[in-house]
Amino acid sequence: MQRNGGGVGAGSQPWVLRRVRLTWLSFMLFFILVFFPLIAHYYLTTIDEAGGPDKRIFGPRPGGELCEAKHVQDLCRIRESVSEELLQLEAKRQELNGEIARLNLRIEACKRSIDSAKQDLLQLKNVISQTEHSYKELMAQNQPKLSLPVRLLPDKDDPGLPPPKSARACRLRSCFDYARCPLTSGFPVYVYDTGSYPWGDYLDPLVKQAFVASVKSNIYITDNPSIACLYVVLVGELQEFPSSPLPSPSELEKQLKALPYWRSDGHNHLLVHLSRKSMTQNLLYNVSTGRAAVAQSTFLEQQYREGFDLVVSPLVHALSEPNFLEVPPQVPVKRKYLFTFQGERVESLRSSLQEAPPQSFEEEMEGDPPADYDDRIIGTLKAVQDSHLDQVLVEFTCKNPRPSFATEWALCGEREDRLEVLKASTFALVIAPGDGQLVASAGCGMRLFEALEVGAIPVVLGDHSKLPYHQLIRWSEAAIVVPKPRITELHFLLRSLSDNDLLAMRRQGRFLWETYFSTSENVLNTILASIRTSIQVPAAPIKEEPAQEIPHKAGKLAGTDANLADNGDLDLGPVETEPPYASPRFLRNFTYTAADTYRSWNRAPGPFHLFPHTPLDPVLPSEAKFLGSGTGFRPIGGGTGGSGKEFQAALGGNVPREQFTVVMLTYEREEVLMNSLERLNGLPYLNKVVVVWNSPKPPSDDLLWPDIGLPIVVVRTEKNSLNNRFLPWDAVETEAILSIDDDAHLRHDEIMFGFRVWREARDRIVGFPGRFHAWDVNHQSWLYNSNYSCELSMVLTGAAFFHKYYAYLYSYVMPQAIRDMVDEYINCEDIAMNFLVSHITRKPPIKVTSRWTFRCPGCPQALSHDDSHFHERHKCINFFVKVYGYMPLLYTQFRVDSVLFKTRLPHDKTKCFKFI
C-alpha cells in the first residue's frame, strides 16, 4: 500500500517542473519580442539625433555614400525610374481630368442650348398658333366695325310734330323730337338765363343761386341753342311779395310761349320746379305746358303724365354741402324706436280722434276697415304704441306744424329736431296724403329725404304715391311701400325683417341719398340723367388722366435673373411678338344705357358716367366660343383641354384674350426701380409698364433704362401723392392692372398665375400679401393687423391685380375726404382701395399663393418700417368706416392655388405650375 502511494507522488513531480519551465520560457520570449525592439529603436534614434549629418545611420548621406554598393545603386535607379513614371502618370491623369471637366461643361452647355431651343420652338409654335388663330378670326369675321353715323343737325325752322290728342296724352314717342337728340349727339342741353324771362325776379334766391352754380359745373350744358337736344327752364320755387302778386296761370302760359325756342308747343323743353319747403306752390297746375315736360315734387293725378313728367326730390341743401361725417352709422341695425311718426293732418284730425273711443290693439286688428284710412292709421298706430310690445313714437299733433296741402300730413317742428328723432328710429313712417288725387307732394318728399339722410328705413303708407324717379329707381330695395289697408299688419311686417335685410335697405338708401338727392348739383344731374336715359342717349365718357411722359434713355439690355424667374420646366405662355394690343373699349355704349338701366341706376356709382369697360360685363356660355362667337377666345387645347403644356400655350378661361399693364409707383430709388423693371423682361401677356414718377426731381440724365422689349412710360405727377397710384392714366390701355411696388419681388410664374385668377374674378382685387381688420374690444374700434392669420380681408395693392374701372371710381367717385386723408398721412391708399372694392361688390379680395410678405435685400428704408405706420393705419380704418357709415371689408378664409398643385400625375402629364 505504501509503495503504491509513494509511486503516485513521485510520478506527479516531473509534470509540475515541466509546467514551470514552459511558463518561464514564455515569459522570456515575450520580453525579448516586446522590449528589445523598443530599446533598440530608442537607442538608434538617440544616436541618429545626437550625431551630425555625417554620422546618421538612416538619414541620407552626402556624396551618395549609401549608393556606393552595386545593389544599392540598382535599387536607387529603380526608385528614380518608378518615381518618374509616377510623375508622368499623375500629369496624364490631371490632363485627362481637365479634358473630362471641359467635356462636362460642353455637355451642360449643350443641354442648356437644347432646353432653350425647345423653349424657343414651343414659343414659336405658340406664336404661330396665335397668328393662325388671329388670321382665321379676321377671315371669318362677318361683322364689320361700325363707324359713327353722320350727325344730322335739326332744321332751324323746326316744323314741329303732329299735335297729340290731348295735353295728358303726351308721351316721349308723341311729344319729344328724337331728331334733335341723335345717339352720338352727346346730349347737349341749353339752359335759359333765369334773368331773361319775366318771372325770374320771383325765383327763390337760394334756389336760383344753387341752380346756376350746378349748371356751370355740368358737362352737358351748351351755349349754342341751335344744336341743343333739351331746353331747360327754371320755373320755381317762387317767392310771393305783397306788392307784386305771382303771375296767374294764363299769364305764365303766355310767358312760356314767348320763350325764344318754345316753337309754338314747347317740345324738347323741361320745366323744372325745385322745392325747398314742404308747402310749395303747384305753379303749373291749370297751365297748358304743351309738349314741354315738367319736373317737380308735387303733382295731382290729372296733371301728371306717366313716363313723360318727372317726380323729383326737394332741394333741401340748396347751397350748403352735407357733412357726411355727421351722418349716423348704419350699425347697430336696430335703434331705440321700432318706428316713429310726427305729423298733423289739419282736416278731420280732431274729429277722427273724437268720433270713436280708444280701442285695444287686438280690437283694432279685428275691426272693419273704415272709409277714411287715415283715421284707421291713427287708431292703429296709437294702439301699437299703447300695447308697449315695442318702443315706438307716434305724435299726431304739432306745436308748430308746417304749412301743407289739404289732407296731407304736415311736418312737425324744426328740421334739426326731426333728424334727432329719426336718428333713433329703425323705420320712419311716410303717410301719403289722404286725397288720392295728390299722387306726389313736397311734404312726403321731404320726409323721404330726411329718413334716407340719417339711415331710417322709409315705410310709405299708400301705394298710389309716386316716389322720386320711380321709373328708374327700384324703391323696393330701399323702402317698404304698403297699401294703407295693411296698416293693421304693419307691426308684424316690420318685426319680421331680418338684420341682413334691414342693413341692405339702409345701405341702399344711403346710396340713393348720396347719389341723387344730397346736393343741388346731384339733383340737377339726376334730372338730366333721367331724361337722357329715357331717350336712350349714352352718358358722357368718364375722363381719363392725361399722362405727361418724361423722356428717358433706353439702352440697357435687360437680362434674366435665374433665381427670380425660376418657373420650373414649363413655359409660361407666348411672349407676344406682335405689337401690344389694347383691351376693346366702349363696346357696350348702347346696351349699358338701354339694357342695364336698372342696374346702372340702382348700383354704385350711378348712371352719370360711361365707362370704357367694367368688370360686370356679361359672360358668354362655354359653347358660344365654338359656335360663332369665338373671336378673341383662346381655348386650352383648342377646346379639348389639357394639362401643363396645353395650359401654358393658351389663356383659356371665359373671356377673350387680353393683356395687362404694370403700374409701378416709385420715389427716388433709381437702382431699385431699374432692378424691378429688368425682372419684367420676357413676362408673357405684358402690354406695357407705366412708371408713376412721384418725385418732384426728374430722373438722372445719365440713367439708362432697361430694354425689356415693351414700352416703358414714365409719367410725371403734379405732386407727391400715393393717390397717384390709382389715377386712371390714359397710357393704361388694358382692363387688367398689376399694381406693384418698386421693391416687390415676384417670380414670373406668380404673376402669370395671379393674372389667370383675376381673369375669373374681374370684379375683385387679386394679389399676394394679405392683411385683415381686427376688432379692438377695449376701445370698441377697428385695428389694422398684418400678423399671420387664417382669415384676411385685404390684399395690399403693392402687388395686386385690379380692374381699371376701380381706378375711375377711386379718383372721381369715392368721397374726397378719403383721398385727403391718404395725402395727410402719406399712407393707407391700399386700405382705401380695398374699402372701395368691397363696398361696390360686397365681396372680399382673393389671395393667391403662399407669399405673405416681400423681402428686398439692400433696398432703402420704406415708409412701412416707420413705427407710426401702423398707428396711422388704425386711424385710417376707423375714419373710412365713418365716411362709409359701416365696415365694408369682408373676411375670407381661403387662398387660391393652381388646379393640379400637389396632385400626382402620370409621367406623360405636367402640372399647370411647378411651384404654385
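Everything numeric in this text was worked out from a predicted model, so none of it was measured. (Residues numbered from 1 in each chain as written. Predicted model: local features only at pLDDT ≥ 70, side-chain atom pairs only at ≥ 80, totals over all residues. Heavy atoms only, no water.)

## With respect to the sheet that holds strand β7 (residues 337-342)
Within a sheet, adjacent strands bond to each other through the backbone by hydrogen bonds, running parallel or antiparallel.
Here comes step 1: Overall, parallel pairing links the 5 strands, which are arranged β8-β7-β9-β11-β12 in an open sheet. The outermost strands of the open sheet, each flanked by one partner alone, are β8 (393-395) and β12 (480-482). Here the strands of the sheet are splayed against their neighbours by 20° on average, with no regard to which way each runs.
Here comes step 2: Bridge analysis of strand β11 (residues 457-461) against β12 gives 3 bridges, and the strand direction is parallel. Bridging across to β12, V459 finds its partner in I480. (Pairing = 2+ DSSP bridges. Helix = DSSP H or I, 4+ residues; strand = E, 2+ residues; numbered from the N terminus. Axes fitted to C-alpha atoms, helices over the stretch in contact; angles between N-to-C directions.)

## Some thoughts on a nonpolar patch on the surface
Here comes step 1: Together, L29, F30, F31, I32, L33, V34, F35, F36, L38 and I39 make up a nonpolar patch on the protein surface, roughly 1,000 Å² of accessible area in all.
Here comes step 2: Mapped onto the elements, F35 comes out in helix α1 (residues 2-50). (Patch = residues over 30% accessible without salt bridge, like charges linked within 9 Å, V, L, I, M, F, W, Y side chains within 5 Å. Areas by Shrake-Rupley, 256 points an atom, 1.4 Å probe, with all protein chains shown as cover. Salt bridge = Lys/Arg side-chain N within 4 Å of Asp/Glu carboxyl O.)

## Quick word on the side chain of Q659
Here comes step 1: Looking at the element boundaries, Q659 is found in the loop between α16 (644-649) and β15 (660-666).
Here comes step 2: Only 3.3 Å separates the side chain of Q659 from the backbone nitrogen of Y581, close enough to count as a polar contact.
Here comes step 3: Here the side chain of Q659 touches N687 through a polar contact of 2.9 Å, side chain to side chain. (Polar contact = N/O pair within 3.5 Å; in protein donor to acceptor, adjacent residues only side chain to side chain.)

## Remarks on helix α22 (residues 868-884)
Here comes step 1: Taking 1.5 Å of rise per residue, 17 residues should cover 24 Å, and α22 covers 25 Å from first to last C-alpha, within 8% of that figure.
Here comes step 2: Among the structural elements, α12 (499-517), β21 (770-776), β22 (781-785), β23 (794-795), α20 (816-825) and α21 (829-841) are those in contact with the buried residues of α22.
Here comes step 3: Positive phi appears at G885, one or two residues downstream of α22, with a value of about 90°. (Expected span 1.5 Å × (residues − 1). Contact = heavy atoms within 4.5 Å.)

## Some remarks on helix α8 (residues 373-387)
Here comes step 1: If you check α8, its first and last C-alpha atoms are 21 Å apart, about what 15 residues at 1.5 Å a residue would give, namely 21 Å.
Here comes step 2: For α8, the set of buried residues is D374, R376, I377, I378, T380, L381, A383 and V384.
Here comes step 3: At the C-terminal side of α8, H388 shows a positive phi close to 60°. (Buried < 20%, exposed > 50% of the residue type's maximum accessible area, 1.4 Å probe, protein only.)

## Quick notes on the packing of α12 against helix α13 (residues 520-534)
Here comes step 1: With their axes 6 Å apart at the nearest point, α12 and α13 run at an angle of 85° to one another. Comparing the axis directions of α12 and α13 gives the class roughly perpendicular. Only N522, V523 and T526 of α13 make contact with α12, whose side of the interface consists of E514, T515, Y516 and F517.
Here comes step 2: Residues of the contact of α12 with α13, tallied by class, amount to 3 nonpolar, 3 polar and 1 charged. (Parallel < 35°, antiparallel > 145°, perpendicular 65-115°, else oblique. Nonpolar A, V, L, I, M, F, W, Y, C, P; charged D, E, K, R; others polar.)

## Here we look at the nonpolar core
Here comes step 1: Core analysis: the biggest nonpolar cluster contains 142 residues, and F187, W199, F517, I527 and F880 have the highest contact counts within it.
Here comes step 2: Top contributing element to this core by residue count: α22, with 7 residues.
Here comes step 3: Here F880 is in contact with I818, M821, V822, C828, I831, A832 and F835, once residues within four sequence places are set aside.
Here comes step 4: Of all hydrophobic cores here, the second largest spans 46 residues; its members include M674, W693, L703 and A744. (Core = buried A, V, L, I, M, F, W, Y, C linked by side-chain atoms within 4.5 Å.)

## A short note on the pairing of strand β2 (residues 230-236)
Here comes step 1: Of all 7 residues making up β2, 7 are buried, and the element is well covered by its neighbours.
Here comes step 2: Bridge count for strand β1 (residues 189-191) against β2 is 3 bridges, and the pairing is parallel. Bridging from a neighbouring strand, Y190 pairs with Y231 of β2.
Here comes step 3: You can see the chain leave β1, run along helix α4 (residues 205-216) and come back into β2, and the turn it takes is left-handed. (Right-handed = clockwise from strand over helix to strand, strands pointing away.)

## Examining the pattern of salt bridges
Here comes step 1: If you walk through the whole model with that rule in mind, you get 41 salt bridges.
Here comes step 2: For the salt bridge of D309 with R305, the shortest nitrogen-to-oxygen distance reads 3.0 Å.
Here comes step 3: Judged by its relative accessible area of 2%, D309 is buried.
Here comes step 4: For R305, a relative accessible area of 4% translates into the label buried.
Here comes step 5: A salt bridge links E735 to R762, with the nearest nitrogen and oxygen atoms 3.1 Å apart.

## Points about the packing of helix α9 (residues 415-423) against helix α10 (residues 442-454)
Here comes step 1: Relative to each other, α9 and α10 sit at 55°, their axes nearing to 9 Å. Comparing their axes, α10 and α9 come out oblique. The element α9 and its partner α10 pack so that their crossing is right-handed. Side by side, α9 and α10 meet where R415, R418, L419, L422 and K423 of the first sit next to F449, E450, A451, E453 and V454 of the second.
Here comes step 2: For the contact of α9 with α10, a count of residues per class yields 5 nonpolar, no polar and 5 charged. (Left-handed = near helix turned anticlockwise from the far one by under 90°.)

## Observations concerning the sheet that holds strand β18 (residues 712-716)
Here comes step 1: Across the sheet, which stays open at both edges, the 9 strands sit in the order β13-β18-β16-β15-β19-β24-β20-β25-β26 with mixed pairing between neighbours. Looking at the sheet topology across the chains shown, the edges are occupied by β13 (548-549) and β26 (895-896).
Here comes step 2: Bridge count between β15 and strand β19 (residues 736-741): 6 bridges; the pairing is parallel. Looking across to β19, one finds that V662 is bridged to L738.

## A short note on the state of the cysteines
Here comes step 1: By the definition in use, this model includes 4 disulfides.
Here comes step 2: Bridging C170 to C175, the disulfide has an S-S length of 2.0 Å. Disulfide C170-C175: the torsion about the S-S bond is -85°, which places it as left-handed. The same class applies to C170 and to C175, which are both buried.
Here comes step 3: Between C181 and C229 runs a disulfide, and the two sulfur atoms are separated by 1.7 Å. On the sign convention where negative is left-handed, the bridge of C181 and C229, at about 95° about the S-S bond, is right-handed. (Disulfide = S-S within 2.5 Å.)

## A few points about the packing of aromatic side chains
Here comes step 1: For the coordinates displayed, the defined rule picks out 36 aromatic pairs.
Here comes step 2: A centroid spacing of 5.8 Å and a plane angle of 20° characterise the contact between Y231 and Y261, whose relative ring orientation is stacked. In this pair, Y231 sits in strand β2 while Y261 sits in the loop between α5 (249-257) and β3 (269-273), placing the two residues 30 residues apart along the sequence.
Here comes step 3: Of the residues examined, Y231 reaches a relative accessible area of 0% and is grouped as buried.
Here comes step 4: Given the relative accessible area of 23%, Y261 is considered partly exposed.
Here comes step 5: Ring geometry for F511 against Y516: centres 6.0 Å apart, planes inclined by 75°, an arrangement best described as edge-to-face. (Phe/Tyr/Trp six-rings, centres within 6.5 Å; stacked < 30°, edge-to-face > 60°.)

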